[in-house]
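Chain by chain, the residues run as shown.
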Protein chains: 2
Amino acid sequence: MMKIDQQAILKAATEILNTKGIAALSMRAIAANLDVKAASLYFHIKNKNDLFEQISEGISQRVFEKLNRVDEPDLQRLMDVFRAELKRIQDSPQIFSNTAPFTPYRTRLIQFSLDHLQQLGVPQQFTATAGNLLNNYVLSFVSDEQYFSRVDSSTFDESQFKSPINMADPDDSFQYGLNLIFAGIRVQSKNG
Amino acid sequence: MMKIDQQAILKAATEILNTKGIAALSMRAIAANLDVKAASLYFHIKNKNDLFEQISEGISQRVFEKLNRVDEPDLQRLMDVFRAELKRIQDSPQIFSNTAPFTPYRTRLIQFSLDHLQQLGVPQQFTATAGNLLNNYVLSFVSDEQYFSRVDSSTFDESQFKSPINMADPDDSFQYGLNLIFAGIRVQSKNG
DNA sequence: ACCTGAACACCGTTCAAGT
DNA sequence: ACCTGAACACCGTTCAAGT
C-alpha cells in the first residue's frame, strides 16, 4: 500500500496522459493506477478540474523556474522553455485550454509576457492581445506536434517518405513562427 | 412529427450550442430537442464526431462562399469572414479543434491560405507553419472572446468599469494581431 | 484520517424489435 | 424506412458506512 496523496495522484495522471492520452484520463483510471477506488481520490483533490489545474500549474512552475535559470530571460527563452515543458506531458495543451489561467505560477508567466511586450513597445491596450497570441501560438504548436506524431505513427504511410515536399524540421518551424511574431511586434511598435 | 434528417439534427445541435454551450451538447439533448430518442439519431448520422465534422464543415462552406463574394479575396478577408462565422456558433472553435481538418471546404480554406502565403513570399517549407499560425490565431481569438463574454456576464463586477486600464475594442484587438502577423510575414519574406 | 460500496445522474453507441 | 426499449460499458461525484 503506497501512500496516496496529491503528489501520487498527479504522478499517476501524468503517467496515463503519457501512455494513453487525455481521452483515457478518467478518475477511475487514475484510481486503478494507484490500487485504490475512484471515490478515494476525492479525499485528496477537490475534483477533476482541480487536478487539471494542478497539472497546468505544475508545468507553469517548472517553466518559471527554468526561465529564471538564465541572466536576462526574454520572450524567446520563455517560448522555448514553455514548449519543452508542454512536450513532456501528452495533451498538456488541451489541459491548459480547459483551465482558467488564474493559478499563481501561470499568472507569473502571463505577467512576464506582458512586461516584456510593453518593454518592446507594444501599446498598453494591445499587450493582452499580443500576449494571447504568443501563448496560443505555443499551445497550438505543441498540440499540432503531438497530434501529428500520433497520426503519423498510427497511419504509417510509406509514400510520405518519397514525397518531394520537404517538411521543415519542427524546431525550425517553431522558430520561424516565433521570428515572424517578434518581427511583427517590432514593426507594429515602430509605427505605433 | 417533424421530419428528422441531417439538416434537422444539425439545426438542433446549433441551437443547443448557442443556448447552453458545448458542455450541454449530448446526443440525448439533441434527440430531446427533436422529440425523438437518442438511438434514432444514428439512423441519420454516423456518430457524434460525424456531427462535429458537419458543423465545422458547414462553417467552412459559409466562409468559403462569403470569401468569394468579392473580387480578389485575400488573407485579411479570409480572417474577417472566418471570425464572423465562428462567432455565430458558440464554442465553434472547440469543435474545430476536436475534428480533423480533412473535409472538403475546410481543405479549400487551407489551400487558399497556403496559396496566398506562398504568393506573399513565404518559403514553401514554412507555408504550413504560417497557415497554422493564422488558423490557430482566429480560432484562439474567438475562443477567448466567447470565454470572456461568458465569464464577464456571470461574474459581473462593477469595479471593471472604473478600471483605468482601457481594454481595446475586440475588433481593434483582432486587427492588431492580424496586422502584427502580416507585418511579420512581410519582414520574413524580405529577409528569406 | 483515510478508504470503500453503493448509488445517482449522466454519457455514446448498438441492436433486436417494433411500425 | 424509420423509430424505440433496453442494454452495454462507460463517466464524475457524493456520502453513509467501515477501519
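Every chain begins its residue count from 1, and numbering advances along the sequence as written. Chain letters start at A and ligand numbers start at 1, both assigned in the order the entries are written. The predicted origin of the model limits local features to residues at a pLDDT of at least 70 and limits the giving and counting of side-chain atom pairs to 80 or more, whereas totals for whole chains, interfaces and linings rest on all residues. The side-chain quantities take in all heavy atoms of the structure and omit both hydrogens and water.

An unreviewed UniProt entry lists chain A under the name HTH tetR-type domain-containing protein, with Levilactobacillus acidifarinae DSM 19394 = JCM 15949 as the source organism.

Draft legend 1. Summary view of the overall build of chain A. In DSSP terms, a helix is any run of H or I states spanning at least four residues, a strand is any run of E spanning at least two, and both are numbered starting from the N terminus. Secondary structure assignment for chain A yields 10 helices and 0 strands. Reading chain A from its N terminus to its C terminus gives the helix and strand order α-α-α-α-α-α-α-α-α-α. Principal-axis analysis of the C-alpha atoms gives chain A an extent of 60 × 45 × 30 Å. Taking all 192 residues of chain A together, the buried fraction comes to 42%. What makes two residues a contact is simply this: any of their non-hydrogen atoms within 4.5 Å. Considering only contacts within chain A whose residues lie at least 6 apart along the sequence, 69% involve residues at least 24 apart. Here the accessible surface of atoms and residues is derived via Shrake-Rupley with a 1.4 Å probe, and residues count as covered only by protein chains that are part of the display. Summed over all atoms, the accessible surface of chain A reaches about 10,800 Å², with 51% contributed by carbon and sulfur. Only four residue types enter the tally: Lys and Arg on the positive side, Asp and Glu on the negative side, with His and both chain ends excluded. We put the charge of a Lys on NZ, of an Arg on CZ, of an Asp on CG and of a Glu on CD. On chain A, the mean spot of the 20 positive side-chain charges and the mean spot of the 22 negative ones are 5 Å from each other. Residue exposure (1.4 Å probe, protein chains only): buried if accessible area is under 20% of the type maximum, exposed if over 50%, otherwise partly exposed.

Draft legend 2. Up close: the protein's contact with DNA strand C. By convention in these notes, a residue is near a molecule or strand provided one of its non-hydrogen atoms lies within 4 Å of it. Taken together, 16 residues lie around DNA strand C, and Lys37(A), Ser40(A), His44(A), Arg28(B) and Tyr42(B) are the ones closest in. Counting only atoms of DNA strand C within 4 Å of the protein, the fraction found in sugar and phosphate groups is 57%. Within 3.5 Å is the distance limit for a polar contact, defined as a pair of N or O atoms, with the added protein rule that one can donate a hydrogen and the other accept it, and that residues adjacent in sequence qualify only through two side-chain atoms. Contact distances for DNA strand C include 2.9 Å between a phosphate oxygen and a backbone N or O atom of Met27(B). Of all the elements in the fold, those that place two or more residues in the surface near DNA strand C are α3 (38-41) of chain A together with α2 (27-33) of chain B. Residues of the surface near DNA strand C, tallied by class, amount to 8 nonpolar, 4 polar and 4 charged. Under the scheme applied here, ten amino acids are nonpolar (Ala, Val, Leu, Ile, Met, Phe, Trp, Tyr, Cys and Pro), four are charged (Asp, Glu, Lys and Arg), and all others, including Gly, are polar.

Draft legend 3. Local environment of the interface of chain A and chain B. Contact with chain A, which involves 31 residues of that partner, is made by 30 residues of chain B. Taking both sides of the interface into account, the surface hidden between chain A and chain B amounts to around 2,700 Å²; carbon and sulfur atoms contribute 70%. Within this document, salt bridges are pairs made up of a side-chain nitrogen of Lys or Arg and a carboxyl oxygen of Asp or Glu, the two lying within 4 Å of each other. Where chain A touches chain B, the interface holds 0 salt bridges. Across the chain A-chain B interface, the total number found is 4 residue pairs in polar contact (both at pLDDT 80 or more). What gets called buried area is simply the loss in accessible area from a 1.4 Å probe that two parts show on being joined, summed for both.

Draft legend 4. The nonpolar core, seen in detail. Counting residues in hydrophobic clusters, the biggest one holds 100 residues, and the most contacted among them are Ile30(A) and Ile30(B). Once residues within four sequence positions are removed from consideration, Ile30(A) is found in contact with Ile9(A), Ala12(A), Ala13(A), Ile16(A), Leu25(A), Leu41(A) and Leu51(A). Each nonpolar core is a collection of buried residues, namely Ala, Val, Leu, Ile, Met, Phe, Trp, Tyr and Cys, held together in the definition by side-chain atoms within 4.5 Å.

Draft legend 5. Focus on the environment of Leu25(A). All names here are of chain A. For Leu-25, the location among the structural elements is in the loop between α1 (6-20) and α2 (27-33). The spacing of Leu-25 and Glu-15 is 10 residues in sequence and 9.6 Å in space, taken between C-alpha atoms. Not counting the four nearest positions on each side in its chain, Leu-25 is found in contact with Ala-13, Ile-16, Leu-17, Ile-30, Lys-48 and Phe-52.

Draft legend 6. A look at the pattern of salt bridges. Summed over the entire model, instances satisfying the criterion amount to 12 salt bridges over all chains. Of the charged contacts in the structure, one is a salt bridge between Glu145(A) and Lys87(A), with a shortest N-O distance of 3.0 Å. With a gap of 58 residues between them, Glu145(A) in helix α8 (residues 127-154) and Lys87(A) in helix α5 (residues 75-87) connect regions that are remote in the sequence. For the salt bridge of Glu85(B) with Arg62(B), the shortest nitrogen-to-oxygen distance reads 3.3 Å. Of this pair, Glu85(B) sits in helix α5 (residues 75-87) while Arg62(B) sits in helix α4 (residues 48-67), placing them 23 residues apart in sequence. Residue classification places Glu85(B) among the buried residues on the basis of a relative accessible area of 2%. It is possible to trace a salt-bridge network through shared partners that takes in Arg83(A), Lys87(A), Glu145(A) and Asp171(A).

Draft legend 7. Quick look at the protein's contact with DNA strand D. Every one of the 16 residues lining DNA strand D counts as a neighbour, but Arg28(A), Tyr42(A), Lys48(A), Ser40(B) and His44(B) are closest to it. The share of sugar and phosphate among atoms of DNA strand D within 4 Å of the protein is 57%. One nitrogen or oxygen atom from the main chain of Met27(A) is found 2.9 Å from a phosphate oxygen belonging to DNA strand D. Take Tyr42(A): an N or O atom from its side chain is 2.7 Å from a phosphate oxygen of DNA strand D. Going through the elements one at a time, α2 of chain A together with α3 (38-41) of chain B are the ones with two or more residues in the surface near DNA strand D. Grouping the amino acids of the surface near DNA strand D by side-chain chemistry returns 8 nonpolar, 4 polar and 4 charged.

Draft legend 8. The UniProt feature "domain: HTH tetR-type" (unreviewed entry) in chain A, seen in detail. UniProt positions are given in the numbering used here, feature names are shortened, and annotations may be inferred rather than shown by experiment. Feature annotation in UniProt places "domain: HTH tetR-type" (unreviewed entry) on residues 3-63 of chain A, given in this structure's numbering. Here residues 3-63 of chain A runs as 69% helix and 0% strand, with 28 Å between its end C-alpha atoms.

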